[in-house]
Each structure stands twice: as C-alpha cells, then as structure tokens.
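# Analysis of the macromolecular model
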Amino acid sequence: MAASVAKEYKTVSSVSGPLLVVEKVSGATYGEIVEIIHQGETRRGKVLEVNRDRALVQVFEGTSGIDLPKTRVRFMGKGIELPVSEDILGRIFDGFGTPIDGKPAIIPDKSLDINGSPINPYSRDYPLDFIQTGISSIDGLNTLIRGQKLPIFSGAGLPHPQIAAQIAKYAKVRDGSQFAIVFAAMGITFEEANFFIQSFKDSGAIEHSVMFINLADDPAIERIATPRMALTAAEYLAFEKEMHVLVIMSDMTNYCEALREIAAARKEVPGRRGYPGYMYTDLATIYERAGRIHGKKGSITQLPILTMPDDDITHPIPDLTGYITEGQILLSRPLHRSGVYPPIDVLPSLSRLKDRGIGKGKTREDHSDVLNQLYAAYASGKEARDLAAILGETALSPLDLNFLKFAAAFEKKFVSQGAEEDRTIEQTLDIGWELLSMLPEEELKRVKPENIAKYHPAHMQNKK
Amino acid sequence: MGSIIKISGPVVIAEGMSDAKMYDVVKVGNPKLTGEIIGFEGDKATIQVYEETAGIGPGEPVESTNMQLSVELGPGIMGQIYDGIQRPLEVLNAMSGCFMARGIDAPSIDKKKKWDFVPLAKKGDSVSQGQIIGTVKETELIEHRIMVPPGISGKLLLISEGKHTVEETIAVIETSSGKKEISMLQRWPVRKGRPYKERLAPNAPLVTGQRIIDTFFPIAKGGVAAIPGGFGTGKTITQHQLAKWADAQVVVYVGCGERGNEMTEVLEEFPHLKDPRSGRPLMERTVLIANTSNMPFAAREASIYTGITIAEYYRDMGYSVALMGDSTSRWAEALREISARLEEMPGEEGYPAYLPSRIAAFYERAGRVISLSGIEGSLSAIGAVSPPGGDLSEPVSQGTLKVVKAFWALDTALAYRRHFPAINWLTSYSLYLDAVSGYWKKFGEDWRELRAKAMALLQKESELQEIVRLVGVESLSINDRILLETARSLREDFLYQNAYHEVDTYASERKQYGMLKIILDLHEARMKMAFEGQPAKDILMMKVTADIAKMRLVPEKEMESKFLAIEKEIRERKSSPGGM
Ligand SMILES: Nc1ncnc2c1ncn2[C@@H]1O[C@H](COP(=O)(O)OP(=O)(O)O)[C@@H](O)[C@H]1O
Ligand SMILES: [Mg+2]
C-alpha cells in the first residue's frame with residue numbers, strides 16, 4: 001500500500017446514489033477503504049476509481065443525508081481487513097467483522113486483507129477425505145469432501161435454514177482432527193438470524209464456530225464484504241491453525257442481488273437479467289477459496305446456500321454458481337410438499353468429488369456400489385411412477401411395481417430423517433441395504449457379488 | 001518512464017509513455033505489476049494489468065520493457081505448469097508460497113539447466129529460417145528440435161555440440177545483415193501466429209479413444225472442434241479424456257477461468273498415467289496453462305494465446321499437437337470485461353463487436369502445415385464453450401459454431417440420466433468424415449457405411465419413440481422393435497463410455513470398429529429371423545446381448561477372441577433360455 005497514514009479531505013464535489021467524488025486527493029489508491037464522517041456519524045466506503053487527484057468512492061451505508069461542505073472523507077491507506085486470533089471461535093460478528101455478541105473486541109494476532117490472494121493452482125492438493133454431515137442423502141449419495149465447494153440450491157420457503165443448522169450441529173470429520181464452522185449470513189431476516197444463533201448455542205456448535213451476520217436491513221453493500229470476512233477467518237483457522245473448516249454461507253442470492261444493486265448504481269452495462277457481466281469472476285473469488293493446500297493440515301470446505309428465483313435453475317445465480325462449484329444439492333418443492341424432510345432430490349444432485357473420497361479406508365468398501373445401485377433403482381422407480389401416472393399401475397410389469405414401491409420406501413426411509421437425527425455413514429449404508437433387499441437380487445447389477453455376500457441383509461441372516 | 005494517472009480495476013492509464021509502443025509489456029506501479037499496453041492517445045497509454053491492482057495509485061511509475069507480450073520458447077517447457085502469462089507456477093510456489101503474490105517474476109524456462117545439444121547441420125551449411133539445426137532430448141518422449149528463429153537465414157559459421165544452457169550460443173549464422181548468434185531460446189509475441197510454409201487440408205483423424213468422437217463425430221489432426229454444454233454436462237471430463245488418450249505427440253492444456261482442483265487433478269494424475277502408445281508418463285508430452293477463475297481475469301484473456309503459441313512452436317518442429325481450451329467462454333468474458341472498462345460500445349450481450357473475429361482468428365491458428373523447415377506438423381484445437389443456462393443462442397456459442405468443423409453438443413438431459421459422454425448424437429456433427437475415411441478403411445472397408453447405418457438407426461429411434469410414448473411398444477411391427485433394440489444397444493453398449501473405468505476409458509480403433517460391427521451384425525441377423533417369420537420372443541431375447549453389453553469392458557488384449565466368440569454366437573442365433 002502506498003500510504004498507511006490516514007489522510008482527511010473535505011473536498012467532496014458530488015454525490016449520486018451510493019457514490020461520492022472527492023477532489024484534490026493525494027496518494028489515494030485503488031481499492032482502499034475510506035471513512036466518511038458526517039455530523040458525528042461515521043460511514044464506510046471504498047475507492048472504486050482514482051483519476052489523477054479525484055477519487056470515486058462507494059459508500060456502504062448509502063449517501064442519504066450527506067451534504068457536501070460538511071462531510072469529511074478519511075482515506076485509510078489500506079483495504080478492508082479482519083482482525084483475527086484463535087479467540088474468534090465462539091464469537092458472533094456483524095457482516096463487517098464488528099462483534100455483536102456483547103463481548104469485547106478480540107485482541108488480534110494480526111489483521112488480514114479480506115480479499116485474500118488466489119491459491120496457486122500448483123500448490124493445491126486434491127480433496128480426498130470425507131466429511132460426515134449426518135444426512136443420508138448427502139453422505140450416502142452426494143458425499144461432501146474436505147476442500148470441496150458444494151452448494152445447496154433451494155427455493156423460497158423450503159427448509160434450507162433447518163438443513164444448514166442441522167449440518168452445523170452434526171457435521172464432523174472422523175479422524176479426530178480439529179474441526180470448525182464459519183457461518184456467514186447475508187441479507188437474512190432478524191428472525192432467521194435468531195434461529196441460527198439460538199440453534200448454534202443450543203447445540204453447543206457455537207463453541208467451535210465463528211458467525212458473521214449481515215441482516216436484511218444492513219447496508220446491502222456490506223453484504224459484499226461478509227463472505228470475504230468469513231473466508232478470511234476460515235483461511236486463518238485452516239491454513240495457520242490446522243483446522244478443517246466448514247464454511248456455510250446463506251443466502252448467496254442476497255449476495256448476488258447486492259452485487260447487481262451496486263452495478264446499477266455505477267451505471268454499468270448490465271449483463272444477463274441485470275446482473276453484472278463479471279458476476280462469474282466475482283463468485284469465483286469466493287468459491288475458489290475452498291480447498292486443500294500442499295503441506296498444510298487444514299482445509300476449507302464450502303456449503304453455500306442459495307434460493308433459486310422462481311425455482312429456476314437456469315437463473316444466472318444458480319447457473320454461474322454451478323459452473324464454479326463442484327456439484328450441487330438440489331432441494332425439491334414436490335418432496336417438501338409431500339412431507340419429506342430434508343427434501344433433497346438426489347437424482348439431479350451431484351457431488352463431483354465424491355468418487356475419490358469414499359470407499360475402503362474412507363467410508364466403507366461397499367459405499368460406491370450402494371450409491372450407484374440406490375441411484376439407479378430410484379431412477380427406475382421414478383420412471384415407473386411417471387408411467388403409472390399416465391397408464392395406471394395396472395399397466396406396470398411386476399418388476400416395475402417393485403421399483404415403484406422401492407422409490408416410495410427410499411423417500412420415506414432413506415431421504416427422510418429427523419431434524420435431530422444424526423446418522424453415521426454406516427447407518428446410512430445399512431438403511432440403503434435394507435431398501436435394496438426389497439428388490440430381486442439379480443436386479444442388483446451395480447453391486448459386486450462379494451459386497452452382496454457381505455452386506456445384503458438376506459446373506460447376513462444366513463450367517464447368523 | 002511514465003506515471004499513472006487513472007486506475008479502474010485492471011485498466012490503468014499512464015501519461016508520459018511516448019517511449020513505449022502499442023502492445024509493449026510494462027511494469028506498473030510500485031509493486032511492478034505486469035501489464036500490456038492496449039491503447040494510446042498522445043503520450044497516454046491504456047494498460048491492461050495482469051495482476052490485482054488494489055493499493056496502487058496515481059503518480060506511481062510505469063516502465064516499459066520494450067517487448068511485446070511474448071512467450072519464451074526452448075527446451076524446458078514440456079511438463080511445466082504456467083499461469084496465463086507463462087509464469088512458472090512451481091517456481092512461484094517456491095518463491096512466494098501457496099498464495100499468488102503480486103509483482104513477482106520468474107523466468108519461464110530454466111536458464112541454468114544444461115541440455116545436450118546434438119547438431120544436425122555443420123559448419124559451412126547454408127541454413128534458413130525455421131530450419132532444424134539440432135536436437136535436444138527434452139523428455140523421454142519429446143525430442144526438442146532447435147530451429148533457426150524466423151527472419152534469420154545464412155551460412156553457418158559455427159555450431160556447437162554438447163552441453164549448453166538455453167541462453168548460450170549454439171550457432172553463429174552469417175546473414176546479409178551481419179553475424180547472428182543463435183541460442184536455444186526464442187521469444188515469440190503471443191498474439192501473432194507463427195509462420196509456416198504451406199497449409200494442407202487435414203487427412204487423418206486425431207484418434208481420441210472415445211467412441212462417440214472417433215466413430216461418429218471425428219476430429220482430424222489439424223482440425224478444430226467445440227464442445228459446448230451447461231455445467232456438469234462433461235466438458236472438462238471430455239477435455240481431460242482427450243488430453244490423456246488422443247494420439248497427439250504434444251498436448252497443451254489451457255485451464256482458462258475454470259477450477260483450481262481440476263488442474264490439480266491433471267497435475268496429480270498425468271505423471272502416473274501411461275500414454276497407451278509409448279507407455280511413457282503422459283506428463284512428458286503435456287504443457288499446462290492454468291489461469292483459474294479466481295486469478296486475475298486480464299491474464300485469462302492472454303492465457304489461450306500463450307497456450308496456442310507454445311502449441312505452434314511444437315507444431316513447427318513437426319509434431320502433431322493438440323490444444324484444449326477449457327473454457328473459451330471465460331476467455332470471451334474476460335475480453336468483454338476489458339472492453340467494458342475501456343468504455344467501448346457494447347454489442348450483443350455486452351460483448352465487443354469484434355468478438356466473432358477474435359474467436360475465428362484463434363481457431364484459424366490451428367491446422368495441418370508444412371513448417372518452414374519443410375516437415376509436416378499439425379495443431380488441433382478443441383475449445384469448451386460454457387453457454388449461460390446451457391442455451392446455445394448466445395454470442396460465444398454462435399461465434400464458435402461458425403468456425404469449428406466438429407461440434408460435440410453436450411446435452412443436459414443425457415447428463416442428468418448419467419449417460420456419458422453426454423454428447424447428443426442427433427445434434428452433433430463433424431465435417432471431417434471425408435478426411436478420415438481413408439484412415440478408417442484400414443480397420444474395415446465398410447467403416448463409413450456402418451457408421452452411416454448406425455446414425456440412421458438412432459435417427460429413426462427418436463422418431464419411433466414419439467409413437468411408443470403414445471401407443472406403447474406392443475403396437476410396433478417386429479422390424480421396428482428390432483430397430484429399437486439395436487438403437488438401445490448402440491446407446492448403452494457403444495456410445496456410453498465411462499471415463500472412470502480403467503478399461504472403458506479408452507477404446508482402440510480396432511475395438512471401436514469391432515463393437516460397432518457386432519451390434520449391426522446382430523441387427524442384420526434379427527432382421528433375417530423376422531423375415532423368416534420366427535417368433536418375436538426368440539428374436540428380441542437373444543443370449544448374446546449379455547455379452548454385447550460387456551464388450552466395452554473387454555481389455556484390448558482379450559478382444560480378438562471374445563469378439564470372435566460373439567460373432568459366432570450371433571451366427572448361431574441362440575435365444576436366451578426362458579426369455580426375460
Ligand atoms: N465420460 C464420463 N464418464 C463418467 N462420468 C462422466 C463423464 N463425463 C462426465 N461425467 C460426470 O459428470 C460430471 C461433470 O463433468 P464435467 O466434465 O466436470 O462437467 P462440465 O465441465 O461440463 O461442468 C463429472 O464429475 C462426472 O461425474
Ligand atoms: Mg468444466
């Protein structure tokens with residue numbers, strides 16, 4: 001940074017929307033943070049452009065009430081930073097890193113630029129290890145891997161907050177290494193925030209968590225900083241303190257809307273559906289902060305949550321997210337309506353990194369077979385269900401009827417589970433076997449004979 | 001030296017730049033960030049900066065290197081991983097750790113390493129530009145052929161056998177404008193195609209081992225192909241498959257604005273995977289360019305040019321080179337972003353009006369050529385396209401469609417059903433059939449007819465499926481039911497190919513031909529049975545179908561005997577005991 005001493009100016013020449021122009025500035029740098037002081041109140045902003053001695057500043061809290069001659073602008077000579085130390089665990093901050101849990105500010109180890117730096121692709125290690133969420137349809141079929149970014153695509157009114165809280169409560173790595181959760185809330189309601197905070201406190205998860213809460217009525221622009229605050233905390237815990245960190249971010253849709261709002265205020269040429277053309281790159285600077293690094297023990301795993309506007313997966317927010325993340329977990333409104341919790345639609349869901357993170361020594365040797373067979377059988381069951389809807393159940397062959405029953409049982413026993421129910425991967429796979437035993441054994445084409453002999457309930461009974 | 005007057009993201013304007021030229025590489029601000037001059041107005045230069053510009057301000061210095069954005073070419077490139085402006089990522093990792101620091105620079109090619117130079121020309125020979133005057137063993141697989149740099153011709157005054165670094169003089173040439181010292185290191189500006197003697201039409205396939213590509217929609221050596229698809233449809237896996245198994249001698253893989261973990265996967269896998277033809281580790285023939293989505297997007301724009309220039313250089317040595325770009329859409333988006341910062345007039349969807357010509361110019365650098373040294377080389381280019389929402393009506397897809405000759409359309413519905421590769425057989429196409437037919441005749445005189453027949457069956461299947469949906473399969477004639485069975489077998493037993501299965505991942509030409517022949521022979525046999533009036537049950541339920549379903553998994557070594565057995569069974573027309 002060019003200047004680390006703050007300089008103050010009273011030379012605001014114009015205000016429009018959230019933007020200020022400050023004249024006769026010397027030493028301002030691109031991207032540095034400013035404080036705008038007006039009638040004893042301090043707002044924050046960021047330098048968007050510097051042209052000779054003019055600086056274009058974006059004010060996070062908006063410019064309403066600001067009048068030119070009285071406003072002072074202080075250039076801080078640095079970007080937005082988050083003070084960190086191990087004491088951030090157990091704490092709750094606002095979206096800008098200020099404590100809101102009534103406890104004193106932390107005594108920082110150091111302050112880190114929240115934008116971080118890109119991980120050198122050469123320095124990455126491929127994600128290979130399992131995180132158990134306790135949810136069967138994730139652990140069994142769309143396994144989350146340490147270092148992965150796996151979003152939940154939800155819709156308005158679907159129970160993603162409950163799922164997020166449940167995962168925060170039960171998620172664990174099973175090799176005994178240190179595990180932490182960083183939770184970033186963006187633009188959520190006060191009630192929803194309370195639900196999360198209460199649930200983190202009740203379950204005790206708060207002890208190994210850091211929460212950043214940006215509420216719906218907080219400045220939209222602060223929302224741009226919130227996930228970066230969270231990821232900076234996560235990088236510190238993962239790569240300096242050797243923890244496996246799970247970052248839950250909700251709701252990325254609110255984040256993207258803030259991005260659009262700012263682009264509109266800057267009168268940028270809008271891209272698809274009004275979102276800025278650089279949204280892909282912007283989201284990538286968030287999502288790509290997940291990963292493992294060669295020679296470091298910790299990892300960052302991301303579980304971003306977004307609500308698809310109109311349940312439309314081709315909307316730019318889920319679309320661009322899907323292009324960056326390593327799979328997606330899709331929630332289904334029909335399943336939700338029919339009372340299935342969590343309403344995870346396993347067919348269009350996918351964890352792209354699961355294959356190398358499951359199996360012997362990771363989860364269990366039969367995992368891959370069970371996964372493929374459950375997937376295929378449920379797909380057949382859903383097809384039979386569609387057919388029955390057109391031609392009636394009488395038109396189905398006995399085998400199709402069997403698959404039809406399987407699909408119903410799968411939704412009821414495998415996908416459905418209590419919000420307080422924490423299943424181990426073994427329990428998940430055993431439920432899978434119980435369901436597969438509903439089908440004729442010769443239909444289990446995706447399972448190796450040795451796994452059938454070892455895990456199929458019929459064979460297990462024979463052994464007893 | 002000039003000084004900065006304005007900064008807006010990656011675009012910086014500096015004044016006092018009259019000493020610099022358009023396209024010069026410059027060092028920007030106190031941290032000496034790398035940038036390139038992309039516009040001039042009087043002494044004011046507009047600079048595209050390839051690193052994050054936060055923290056720099058007006059008044060900071062800008063210095064020209066008086067060189068255009070170039071790549072370093074010479075022994076030592078093979079097996080490397082570079083960023084978009086050819087900075088060696090392994091070296092940067094050693095210098096500044098696992099996060100990318102700003103303003104650091106490292107030589108693209110190791111300047112200390114000594115290579116054993118073996119001359120092919122001798123003192124007194126007259127040599128011309130592009131001529132190969134010696135070789136160096138770069139890897140077990142690649143003989144690096146040292147060429148006289150373009151623009152230099154004359155009499156060899158000296159040529160020096162033995163161990164040299166890339167910068168040491170290995171030859172001196174007496175040119176019309178004086179003596180020129182030649183080293184093994186060349187520079188070439190990335191935005192300019194390297195010269196060659198003559199362009200030839202493609203005449204052989206780039207064999208990829210992927211059945212739907214080689215048999216149905218082939219790409220020729222020196223050809224251009226695009227692979228568009230929404231997220232999760234298989235663009236990257238297909239590109240990785242090609243990088244692994246294509247019978248190119250050199251592969252340049254450009255990860256342009258995509259995931260870091262995908263580059264890691266290549267870096268971890270390729271040193272262990274063996275090239276099916278040479279048995280050597282794939283990394284010995286591979287160069288990686290990684291400018292992932294979170295790295296500065298201005299360098300993403302440059303990355304595909306860095307990649308294709310390196311590819312051209314190996315083409316000039318007489319190699320068949322394949323370049324993969326994943327994804328060209330991210331390159332186009334970077335172009336759009338820079339254009340917006342320059343306040344250019346936006347065209348369709350905000351892309352600059354020159355987007356189509358830039359796309360065309362990029363693919364135009366592929367081709368089969370006679371190089372300046374008189375030997376043949378080829379450069380095939382395969383670009384992934386990532387259309388928003390999977391909708392191909394957008395400018396990047398459309399601009400690409402106009403220039404590529406093989407088009408592999410990935411289909412979200414197929415990917416959703418886990419049919420991989422999810423390349424749609426009804427909408428994809430290749431214009432290289434004539435170019436590759438001669439090659440395939442070696443494996444079967446009737447290759448082209450078989451392929452046409454299979455395509456026709458699949459086309460007919462899609463029409464019949466409409467009818468089946470309305471009235472059920474029972475109402476179809478036996479011939480149509482046979483057709484549906486054959487089409488199903490084509491899809492599931494031939495087109496489906498699991499990239500993760502150790503055998504299925506690659507199929508030789510012989511195996512591809514054999515599989516297709518068997519499926520269509522069974523079709524003929526069934527048609528005959530129907531003509532003879534045999535019962536539908538016997539025709540449709542034949543025992544041999546179980547073996548046909550397993551053909552993909554038959555290792556190449558056992559193929560001959562297994563396939564002969566299947567052919568025999570087809571002739572014997574055994575129906576399956578008790579039906580299904
Ligand atoms: N040929 C294939 N064989 C097996 N699985 C595949 C194949 N192609 C794609 N897949 C599956 O599809 C997923 C997405 O593929 P990918 O190439 O990453 O998609 P894209 O690059 O288009 O987003 C992979 O993780 C894998 O599970
Ligand atoms: Mg991809």
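Quantities reported herein were computed from a predicted structural model and do not represent experimental measurements.

A separate point is the overall build of chain A. Across its full length, chain A carries 13 helices and 19 strands. Its C-alpha atoms give chain A a radius of gyration of 25 Å, near enough to 23 Å, the size a compact globule of 464 residues would have. Its C-alpha atoms put chain A at 85 × 50 × 40 Å along the principal axes. Across the 464 residues that make up chain A, the buried fraction comes to 59%. Expressed as a percentage of contacts within chain A between residues at least 6 apart in sequence, the contacts between residues at least 24 apart total 72%. As displayed, chain A has an accessible area near 17,700 Å², and 51% of this comes from carbon and sulfur atoms. If the 54 positive side-chain charges of chain A are averaged to one point and the 61 negative ones to another, these points end up 3 Å apart.

All names here are of chain B. Their axes nearest at 10 Å, the elements helix H11 (residues 447-471) and helix H13 (residues 509-531) cross at an angle of 60 degrees. Viewed along their axes, H11 and H13 adopt a mutual orientation that is oblique. Between H11 and H13 lies a crossing of left-handed hand. Across the interface between the two elements, Trp447, Leu450, Arg451, Lys453, Ala454 and Leu457 from H11 touch Tyr513, Leu516, Lys517, Leu520, His523 and Glu524 from H13.

Every contact between the two is made by 59 residues of chain B and, on the other side, 55 residues of chain A. For the pairing of chain B and chain A, the buried interface totals around 4,900 Å² over both sides, and the portion due to carbon and sulfur atoms is 55%. Seen at the junction of chain B and chain A, the total is three salt bridges. Salt-bridge contacts for glutamate 49 of chain A lead to lysine 6 of chain B; the nearest nitrogen and oxygen are separated by 3.5 Å. Taken together, the connections running from chain B to chain A amount to 30 residue pairs in polar contact (both at pLDDT 80 or more). Contributions of two or more residues to the side of chain B that touches chain A are made by strand S1 (2-8), helix H1 (89-96), helix H4 (260-269), helix H5 (297-316) and helix H6 (328-341) of chain B. Here the side of chain B that touches chain A takes eight residues from H4 of chain B, the largest share from any one element. Here the residues of the side of chain B that touches chain A are counted per class, giving 21 nonpolar, 19 polar and 19 charged. Of the strand pairs in this sheet, strand S5 (residues 41-51) of chain A and S1 of chain B are connected by two bridges, and their pairing is antiparallel. Considered in S1 of chain B, the bridge of valine 50 of chain A is made with isoleucine 7 of chain B.

As a matter of local geometry, ligand 1 sits amid 14 residues, with Arg352 of chain A together with Gly232, Lys235, Thr236 and Ile237 of chain B nearest to it. Within the side chain of threonine 236 of chain B, one N or O atom sits 2.8 Å away from an oxygen atom of ligand 1. Burial of ligand 1 by the protein chains amounts to 93% of its free accessible area of 560 Å². Its residues assigned to classes, the shell around ligand 1 shows five nonpolar, seven polar and two charged.

The next thing to look at is the nonpolar core. Most often, soluble globular proteins keep nonpolar side chains buried together rather than apart. By size, the foremost hydrophobic cluster in this structure holds 159 residues, and its most contacted members are Phe216, Val252, Tyr314, Leu323, Ile382 and Trp408 of chain B. Broken down by element, this core gets its largest block of residues, 11 residues, from H5 of chain B. With sequence-adjacent residues up to four places away left out, isoleucine 382 of chain B is seen in contact with Leu206, Ile219, Ala225, Ile227, Gln239, Leu242, Leu323, Met324, Gly325 and Trp408 of chain B. Listed in part, the 68 residues of the second largest apolar core include Ala205, Ile248, Ala409 and Phe410 of chain A.

The domain architecture assigned to chain B consists of domain 1 (2-67), domain 2 (73-107 + 197-341 + 357-433), domain 3 (115-184) and domain 4 (447-575). Relative to domain 3 of chain B, the C-alpha centre of domain 1 of chain B lies at a distance of 36 Å.

Before going further, it helps to examine the environment of valine 447 of chain A. Residues and elements named next belong to chain A. Topologically, valine 447 is positioned in the loop between helix H11 (425-436) and helix H12 (449-455). For valine 447, a relative accessible area of 7% puts it in the buried group. For valine 447 and glycine 432, which are 15 residues apart along the polypeptide, the C-alpha to C-alpha distance reads 12 Å. If sequence neighbours within four positions are ignored, valine 447 has contacts with Asp369, Gln373, Trp433 and Ile452.

Looking now at helix H7 (residues 316-324) of chain A. A large share of H7 of chain A lies buried, amounting to nine of its nine residues. Burial in H7 of chain A covers these residues: Pro316, Ile317, Pro318, Asp319, Leu320, Thr321, Gly322, Tyr323 and Ile324 of chain A. In this structure, the buried side of H7 of chain A is in contact with strand S12 (152-154), helix H5 (252-265), helix H6 (279-287) and strand S17 (299-307) of chain A together with helix H3 (235-245) and H6 of chain B.

All right, on to the sheet that holds strand S15 (residues 171-175) of chain B then. All names here are of chain B. Ordered in space as S10-S13-S15-S16, the four strands form an open sheet in which the pairing is antiparallel. Each of the sheet's edge strands pairs with one partner strand only, and the pair in question is strand S10 (126-127) and strand S16 (178-182). Across two bridges, the pairing between S10 and strand S13 (residues 154-159) is antiparallel. Each residue of the ladder has a partner; that of valine 127, found in S13, is glycine 154.

What follows deals with the environment of threonine 175 of chain B. Residue and element names in this part refer to chain B. By the element assignment, threonine 175 lies in strand S15. For threonine 175, a relative accessible area of 11% puts it in the buried group. Contacts of threonine 175, omitting those with residues within four sequence positions, involve Ile152, Ser153 and Lys180.

With that settled, consider the packing of aromatic side chains. Under the defined criterion, the tally for this structure stands at 24 aromatic pairs over all chains. Considering the side-chain rings of tyrosine 313 of chain B and tyrosine 314 of chain B, the 5.5 Å spacing of their centres and the 75 degrees angle between planes classify their relative orientation as edge-to-face. Each of the two residues, tyrosine 313 of chain B as well as tyrosine 314 of chain B, counts as buried. Through successive ring pairs, a cluster of aromatic residues spans Phe183, Phe195, Phe196 and Phe200 of chain A. Its end group placed over the ring of tyrosine 275 of chain A, arginine 260 of chain A keeps NZ or CZ at 4.4 Å from the ring centre. When the ring centre of phenylalanine 494 of chain B is taken as origin, the NZ or CZ atom of arginine 211 of chain B, which lies over that ring, is 5.9 Å away.

With that settled, the discussion passes to the side chain of asparagine 261 of chain B. Structurally, asparagine 261 of chain B is set in helix H4. Apart from residues no more than four positions distant in its own chain, asparagine 261 of chain B is found in contact with Arg124, Asp125, Tyr126, Pro127, Gly147, Lys149, Glu326 and Leu353 of chain A.

Here we take up a nonpolar patch on the surface. Residues Leu387, Ile390 and Leu391 of chain A make up a contiguous nonpolar surface patch of about 310 Å² in total accessible area. The topology assignment puts leucine 391 of chain A in helix H9 (residues 367-391).

What follows concerns the pattern of salt bridges. Residues and elements named next belong to chain B. Considering all chains together, one arrives at 72 salt bridges over all chains under this definition. With a closest N to O distance of 3.1 Å, arginine 191 and glutamate 301 form a salt bridge. Taken together, the positions of arginine 191 in the loop between strand S17 (186-189) and strand S18 (198-200) and glutamate 301 in helix H5 put the pair 110 residues apart, joining distant regions of the chain. With relative accessibility at 3%, the residue glutamate 301 sits in the buried group.

Moving on, we get to helix H12 (residues 478-495) of chain B. Residues and elements named next belong to chain B. Counted at 1.5 Å a residue, the expected span for H12 with its 18 residues is 26 Å, and the 24 Å between its end C-alpha atoms agrees. Turning to H12, its buried residues number three or more, namely Asp480, Ile482, Leu483, Leu484, Thr486, Ala487, Ser489, Leu490, Arg491, Asp493, Phe494 and Leu495. Of the surrounding secondary structure, the elements contacted by the buried residues of H12 are helix H2 (211-216), H11, H13, helix H14 (536-540) and helix H15 (544-549).

Scoring rules and cut-offs
For every chain, the first residue of its written sequence is number 1, and the numbers climb from 1 along that sequence. All chains are assigned letters beginning with A, and all ligands numbers beginning with 1, in the order in which they are written. Per-residue local features of the predicted model are confined to residues with pLDDT of at least 70, and side-chain atom pairs are confined, for both listing and counting, to 80 or more; whole-chain, interface and lining totals are unaffected and use all residues. Note that water and hydrogens are dropped before the side-chain values are worked out from all heavy atoms of the structure. Working definition: helices are DSSP H or I runs of at least four residues, strands are E runs of at least two. Numbering for both runs from the N terminus. Atoms considered for the radius of gyration are the C-alpha atoms alone. The globule rule reads 2.2 Å times the number of residues to the power 0.38. Residue exposure (1.4 Å probe, protein chains only): buried if accessible area is under 20% of the type maximum, exposed if over 50%, otherwise partly exposed. Working rule for contacts: check all heavy atoms of both residues, and any pair within 4.5 Å makes them a contact. The method behind every accessible area is Shrake-Rupley, applied with a 1.4 Å probe, and residues are considered shielded solely by the protein chains displayed. The charge count treats Lys and Arg as positive and Asp and Glu as negative. His and the chain ends do not count. Charge positions are represented by NZ for Lys, CZ for Arg, CG for Asp and CD for Glu. Between N-to-C directions, angles cover 0 to 180 degrees, with each direction set by a line fitted to C-alpha atoms, over the stretch in contact for helices. An angle below 35 degrees is read as roughly parallel, one above 145 as roughly antiparallel, one from 65 to 115 as roughly perpendicular, and any other as oblique. Crossing handedness is defined as follows: a turn of the near helix away from the far one that is anticlockwise and smaller than a right angle gives a left-handed crossing, while the clockwise case is right-handed. Summed over both partners, the accessible surface that disappears when two parts come together, traced with a 1.4 Å probe, is what is meant by buried area. Counted as salt bridges are all cases of a side-chain nitrogen of Lys or Arg within 4 Å of a carboxyl oxygen of Asp or Glu. Each polar contact in these results corresponds to two N or O atoms within 3.5 Å; when the atoms are within protein, one needs to be able to donate a hydrogen and the other to accept it, and residues that are neighboring in sequence are counted only if both atoms are side-chain atoms. Under the grouping applied here, Gly and all other residues not named as nonpolar or charged are polar, the nonpolar ones being Ala, Val, Leu, Ile, Met, Phe, Trp, Tyr, Cys and Pro and the charged ones Asp, Glu, Lys and Arg. We treat two strands as partners when DSSP finds at least two bridges between them. Only a single heavy atom is needed: when it lies within 4 Å of a molecule or strand, its residue is near that molecule or strand. The definition of a nonpolar core used throughout is a set of buried Ala, Val, Leu, Ile, Met, Phe, Trp, Tyr and Cys residues joined through side-chain atoms within 4.5 Å. Note that domain bounds follow an automatic or database assignment of domains. Pairing of aromatic rings covers Phe, Tyr and the six-membered ring of Trp, with a centre-to-centre limit of 6.5 Å; geometry is then stacked below 30 degrees between planes, edge-to-face above 60, and tilted otherwise. A ring has a charge above it when a Lys NZ or an Arg CZ is no more than 6 Å from the ring centre and no more than 35 degrees off the ring normal. Each patch is built from salt-bridge-free residues with over 30% relative accessible area, joining like charges within 9 Å and nonpolar side chains (Val, Leu, Ile, Met, Phe, Trp, Tyr) within 5 Å. An expected span of 1.5 Å times one less than the residue number is assigned to each helix.

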